[in-house]
Amino acid sequence: MDFNSDSDNDSDYDPFAEYYDIGSPLIECRYCKAMMWYQERMHKSTHSANPKFMMCCGNGKVELPLLRQPPEPLATLLFDHENSVSRKFQQHIRLYHMMFAFTSPGARLDNRFNNGRGPPILRIQGQTCHRIGSMLPPQGQKPKNKENIDPLVVNQLSSMLYEFNPHAKIFQMARHWLNSGEPQNLKLRLISNRSTDGRVYNQPTISEVAALVVGDIDTAEMRDIIMQTRGGGLQRINELHAAYMAYQYPLIFPYGEDGYRPDVAHRDLPVNENNIRNRLTIREWLAFHIQTRSKEAKTLLSSRRLFQQFLVDGYTMLESEKLEWLRKNQPKLRVSKYNSLQEEGEQSQAPGLTMGKRVVLPSSFVGGRRFMDQLYYDGMAICSKVGFPDLFITFTCNPNWPEIQRVLGPLHLKPQDRPDIISRIFKIKFDQLLADLTKKGVLGKVLAYMYTIEFQKRGLPHAHILIFLHPSNKYPRPEDIDKIISAEVPDPETQPRLYNLVKSHMVHGPCGLANQKSLCMKDGRCTKFYPKKFQSTTIVDQEGYPVYRRRNNGHTIQKNDIIFHSGHVVPHNPSLLLKYEAHINMEWCNQNTSIKYLFKYINKGSDRISAIIQGQDKNNVDEIKQYLDCRYISPSEACWRIFSYSIHGRKPAVERLFFHMEGENSVYYKDYEHVGDVLLKPSVTESMFTAWFEANKTYEEARLLTYGDFVSKFVYHKRVEVGNQGSEGIPLVD
């Protein structure tokens with residue numbers, strides 16, 4: 001198909017001339033009644049009149065009470081879009097939230113991109129936590145006056161919380177006690193555990209959330225919070241405290257509803273402390289509550305920028321639990337080279353904790369440095385097997401998609417107010433795009449592919465995709481490239497829809513003299529080298545990079561009183577642009593010099609900052625802390641991870657092979673083990689690489705295969721230790 005040939009109308013761009021509209025979320029989950037898109041069903045390979053869904057309630061596994069309608073005046077302030085007071089409250093909801101929150105969040109906000117040139121985004125960097133102080137402020141300290149705050153609204157919300165919120169009531173009770181001249185050694189115990197079933201009841205009473213105690217407290221649980229009258233410093237609240245969310249978000253949970261509780265069992269299952277797999281996880285709790293249901297209050301979903309904060313906060317809570325599990329379960333595992341252990345362990349009773357390094361953030365942790373490095377190596381392995389990649393595609397979410405506007409328009413919300421909807425719609429469209437490329441072969445037969453999902457500085461998700469085409473479907477000549485890639489302004493008369501889409505999504509700028517403050521500008525010039533020069537035909541330069549055809553055909557685009565020509569157009573595929581109506585940059589890959597760069601680029605992971613590690617003991621490097629200190633989180637990424645969407649995919653699968661010099665194989669052992677005992681294990685000298693040598697001795701057909709081809713015919717089974725006396729298992733079997 002020649003997408004750049006002259007045509008009379010847009011229909012020449014079939015079969016993708018029609019926009020791919022996924023419809024509206026009209027299907028109700030049979031269990032939790034969440035409104036879902038049909039494309040979100042569990043079994044996408046089959047069609048069903050009664051689809052099942054996992055992302056809302058795990059196909060009925062999760063059962064939680066729904067949120068009640070908020071009391072007045074909060075309901076009016078959140079949902080009345082005609083009242084000027086309500087509109088101002090909605091605009092500054094985070095300011096009001098900070099006045100009423102019982103706890104203070106500890107996080108570094110990244111406001112570099114909230115500069116008025118785009119939608120506001122709440123983006124944090126580093127570790128987060130929540131702290132609570134004493135019941136009274138230090139002597140002489142007064143609350144600060146805040147702009148954009150209506151005192152009448154503050155009084156109304158205060159009265160509402162004192163009436164309906166049990167946490168506010170207990171603090172009010174403590175205040176009355178202190179003002180009455182009663183004993184001043186008063187302490188407040190904020191109770192973490194609940195006795196009620198969290199699957200059906202989440203609104204605690206005063207006696208369940210706190211207790212006023214005179215004197216010392218000797219009955220507190222591990223996660224309880226003890227507040228003194230004045231002083232005592234700030235206390236960090238455990239994420240597993242039942243009131244963790246209610247303390248931080250009283251305007252979202254005005255009745256003091258319980259947040260996540262680790263003692264909640266799945267539907268129709270008894271609470272069993274010994275079987276944690278049958279209990280609710282933080283991710284399941286969050287995914288359940290950020291769904292739209294006709295019979296549930298939209299207090300959370302209509303909280304705008306406060307909803308953004310809730311999502312980021314919730315995901316960091318989820319991630320903290322994972323990292324805490326790694327911290328508790330991995331520090332005893334160490335790794336070292338076999339020869340190193342022999343040299344360092346000449347004294348057979350040398351403790352294992354004196355050598356090796358801690359494995360605290362393994363490659364199995366999604367998003368970690370080792371995880372992304374392994375993806376890079378996997379990509380290079382695929383490249384060595386099937387050849388160079390042919391196409392590099394970047395697909396970016398369009399916040400103005402009709403589906404987003406249909407969902408948010410009646411609610412008077414903007415796309416940035418509902419990052420959950422943005423993530424869900426982008427995931428559906430990305431899956432369809434990947435199917436078009438790999439299964440339907442719209443650009444040719446695909447041998448392999450790999451992709452990574454990332455998030456822009458302003459939070460929108462986008463995907464980087466590498467496509468490896470079959471030798472019979474490649475585009476080796478410049479004229480072949482013109483068949484799938486265009487970098488020109490279309491004819492507005494004969495191709496009006498395509499022209500408008502290029503104008504909306506595929507024009508770079510303005511930058512240069514027209515906009516020196518553009519993000520692409522550095523040292524007075526565009527880092528992307530726009531505008532490009534006019535080019536009558538596509539060529540491939542001496543370094544193997546394509547220079548796309550950009551004819552001076554007289555077609556221009558005007559945006560904000562600035563004229564753009566074909567030199568400003570980002571390379572794209574017109575067919576995909578017509579179908580998905582989003583920024584889809586398509587590049588023909590350089591075949592010799594940029595392969596390593598491409599794999600590094602798409603496997604760099606989400607935003608990180610560089611960290612300088614000083615004065616650390618090489619045996620005590622805390623990789624978990626390094627990861628937390630360096631990462632950024634935005635609401636869209638939080639939603640993506642809460643919904644358990646994959647951030648990376650590839651085909652074909654890659655088996656990771658390891659090789660080493662003799663005696664340099666890795667040996668894993670426990671902190672408490674003595675080096676001499678570790679060296680006595682029969683399997684300590686064995687690895688996948690040494691097992692390959694043994695298999696070549698045993699199997700004649702194995703000698704015809706290289707190490708890399710071995711996995712296509714043989715399977716490696718690691719030896720299983722039986723005490724310290726022997727092992728069982730076969731190194732390699734056919």
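Residues numbered from 1 in each chain as written. Predicted model: local features only at pLDDT ≥ 70, side-chain atom pairs only at ≥ 80, totals over all residues. Heavy atoms only, no water.

Chemist: Just give me the short version of the packing of aromatic side chains, but keep the residues and values in it.
Modeler: Going through the model one piece at a time under the given rule, you end up with 24 aromatic pairs. With centroids separated by 5.0 Å and ring planes inclined at 50°, the aromatic side chains of F89 and Y96 adopt a geometry described as tilted. The pair F89 / Y96 is uniform in exposure class, with both members buried. One aromatic cluster is present, built from ring pairs that chain together Y20, F395, W401, F426, F430, Y451, F455, Y580, W640, F643 and Y645. The ring of Y255 carries the charged tip of R68 above its face, separated from the ring centre by 3.9 Å. (Phe/Tyr/Trp six-rings, centres within 6.5 Å; stacked < 30°, edge-to-face > 60°. Buried < 20%, exposed > 50% of the residue type's maximum accessible area, 1.4 Å probe, protein only. Lys NZ or Arg CZ within 6 Å of the ring centre and 35° of its normal.)

Chemist: With reference to specific residues and values, describe the packing of helix α3 (residues 93-100) against helix α9 (residues 305-329).
Modeler: For the pair α3 and α9, the least separation of the axes is 8 Å and the interaxial angle reads 60°. By the criterion of interaxial angle, the relationship of α3 to α9 is oblique. On the side of α3, the interface is formed by I93, R94 and H97, while α9 contributes R305, L306 and Q309. Partitioned by chemical class, the residues of the contact of α3 with α9 number 2 nonpolar, 2 polar and 2 charged. (Axes fitted to C-alpha atoms, helices over the stretch in contact; angles between N-to-C directions. Helix = DSSP H or I, 4+ residues; strand = E, 2+ residues; numbered from the N terminus. Parallel < 35°, antiparallel > 145°, perpendicular 65-115°, else oblique. Contact = heavy atoms within 4.5 Å. Nonpolar A, V, L, I, M, F, W, Y, C, P; charged D, E, K, R; others polar.)

Chemist: Mind laying out the nonpolar core, listing which residues take part and the relevant values?
Modeler: Of all hydrophobic cores here, the largest spans 116 residues; its most connected members are F89, L157, F310 and I465. With 9 residues, the top contributor of residues to this core is helix α13 (residues 419-438). Those residues within four positions of I465 in sequence are excluded, and the remaining contacts are L391, F392, I393, F430, L433, L434, L437, M450 and Y451. Grouped together as the second largest cluster of nonpolar side chains are 18 residues, V502, M506, V507 and L577 included. (Core = buried A, V, L, I, M, F, W, Y, C linked by side-chain atoms within 4.5 Å.)

Chemist: So what about the pairing of strand β12 (residues 446-455)? Which residues, and what values?
Modeler: Summarising burial for β12: 9 of the 10 residues are buried, a large majority. Bridging between β12 and strand β13 (residues 461-469) involves 9 bridges; their strand directions are antiparallel. The partner of Y449 across the bridge, within β13, is I467. Hairpin connection of β12 to β13: 5 residues between the antiparallel strands, including G459 at a positive phi of 100°. Alignment of β12 against strand β22 (residues 648-651), held across 4 bridges, turns out to be antiparallel. Looking across to β22, one finds that Y449 is bridged to K651. (Pairing = 2+ DSSP bridges.)

Chemist: Give me the state of the cysteines: which residues, what numbers.
Modeler: Going through the model one piece at a time under the given rule, you end up with 0 disulfides. C57 carries a free sulfur, and the closest cysteine sulfur to it, the one in C29, is 3.6 Å from it. Its relative accessible area of 0% is what places C57 among the buried residues. (Disulfide = S-S within 2.5 Å.)

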